[in-house]
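Spelled out, the chains give:
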Amino acid sequence: MTNSSGTIDVKAATIEEIPAFSNAAITASILRLDRLHPVVSGNKWFKLKYYLEEAKEKGFSTIASFGGAYSNHLVALAHACREADIHSVGFVRGEDGDSHSLAAARAAGMELFFVDRDAYKHKEQIQLQYAHKNWYWVDEGGYGYGGAEGAAIMLTMYHCSTFTHILCACGTGTTMAGLIRSSLPHQQIIGVSVLKNHTGLEENIRALLDDSSTQDNWRVYHDFHFGGYAKHPQALLDFMNDCWRETGIPTDIVYTGKLLYATKQLIQQNAFPSGSNILLIHSGGLQGNLSLPANKLEF
Ligand SMILES: *Cc1c(COP(=O)(O)O)cnc(C)c1O
């Protein structure tokens, strides 16, 4: 895939060991999807792939979706649409039009509409209001079967069959559903929810698995959200800086910082049996750090 700020080369993402996380009993590695693109989140390319293909196939000239002012999803959609020569429209929650994310989405050609928080809760109303436009709609965060199908490509593309445990950060759970669908019987898929009290997450994930799926090789941890979605107390920033110094891996405040923190805790608590070969998915999201004051992060 290409875009005007460079080519997305799937080979740019590689799997590397994290010696600082490994110990005598287990080996930890990370899939660096953050290397795919400086702005666009790694997992989002996979999640959007089939939505874009379907929109093209069915002859839609515009794709519309929803997101908050810091949405990695809208930025990725804007880039992917520009690349596919499709017009993109983003409905943004709230009145705040000033974030780096929205500037990036706009720069990639996305047309933005701002809706107040109450109206945003009723997305089907918004869709009705614009029904005459004949737009192809993608759910908030790219949630959906097509998104999971796209995420399912990752494990084969990067030859992940030797890993016993695969960990990812969960927003909507779409990426995790894809990983579960493409996992092998000897693999466990472990999600770290970045939202507080996201009680419907498991159900949302299950809804994206095959009807016939009886797969139970997965679980979600709910206690590593650091206060809630996008909350980033000093303790998280300290961890991210320590992690950077120890491993050279940059993380983001919304997703991957929390994923790496959770993984380190779980390793310390001996949550993985001896001999485990663990893979973390670095899903990108680094552009989200631009919302921080300079000098908070060392990278
Ligand atoms: C969107 C996003 C996620 C969450 O993906 P879901 O499929 O919604 O669970 C994880 N990490 C990063 C960096 C993201 O931008």
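Look a little higher up for the structure.
Thresholds, definitions, all that
- Residues numbered from 1 in each chain as written.
- Predicted model: local features only at pLDDT ≥ 70, side-chain atom pairs only at ≥ 80, totals over all residues.
- Heavy atoms only, no water.
- Axes fitted to C-alpha atoms, helices over the stretch in contact; angles between N-to-C directions.
- Helix = DSSP H or I, 4+ residues; strand = E, 2+ residues; numbered from the N terminus.
- Parallel < 35°, antiparallel > 145°, perpendicular 65-115°, else oblique.
- Contact = heavy atoms within 4.5 Å.
- Nonpolar A, V, L, I, M, F, W, Y, C, P; charged D, E, K, R; others polar.
- Pairing = 2+ DSSP bridges.

Caption draft 1: Layout of the packing of helix α2 (residues 72-84) against helix α3 (residues 100-107). Across the interface, α2 lies against α3 with an axial gap of 8 Å and an inter-helix angle of 10°. Considering the angle they form, α2 stands roughly parallel to α3. Across the interface between the two elements, Leu74, Val75, Ala78, His79 and Arg82 of α2 pack against Ser101, Leu102, Ala104, Ala105 and Ala107 of α3. Residue composition of the contact of α2 with α3, grouped by class: seven nonpolar, two polar and one charged.

Caption draft 2: How the structure looks around the sheet that holds strand β12 (residues 277-282). Taken together, six strands build an open sheet; the order of strands is β3-β4-β12-β9-β10-β11 and the sheet is mixed. Looking at the sheet topology across the chains shown, the edges are occupied by β3 (15-17) and β11 (218-221). The average angle at which neighbouring strand axes cross in this sheet is 25°, direction not considered. The strands touched by helix α8 (residues 174-182) are β9 (165-170), β10 (188-193), β11 and β12; relative to β10, the strand with the most contacts, the crossing angle is about 175°.

Caption draft 3: Region of interest: the sheet that holds strand β6 (residues 87-93). Taken together, four strands build an open sheet; the order of strands is β7-β6-β5-β8 and the sheet is parallel. Among the strands making up the open sheet, the edge pair consists of β7 (111-115) and β8 (136-137). The sheet contact formed by strand β5 (residues 62-67) and β8 spans two bridges and is parallel. Across the sheet, residue alanine 64 finds its bridge partner in β8, namely tryptophan 137.

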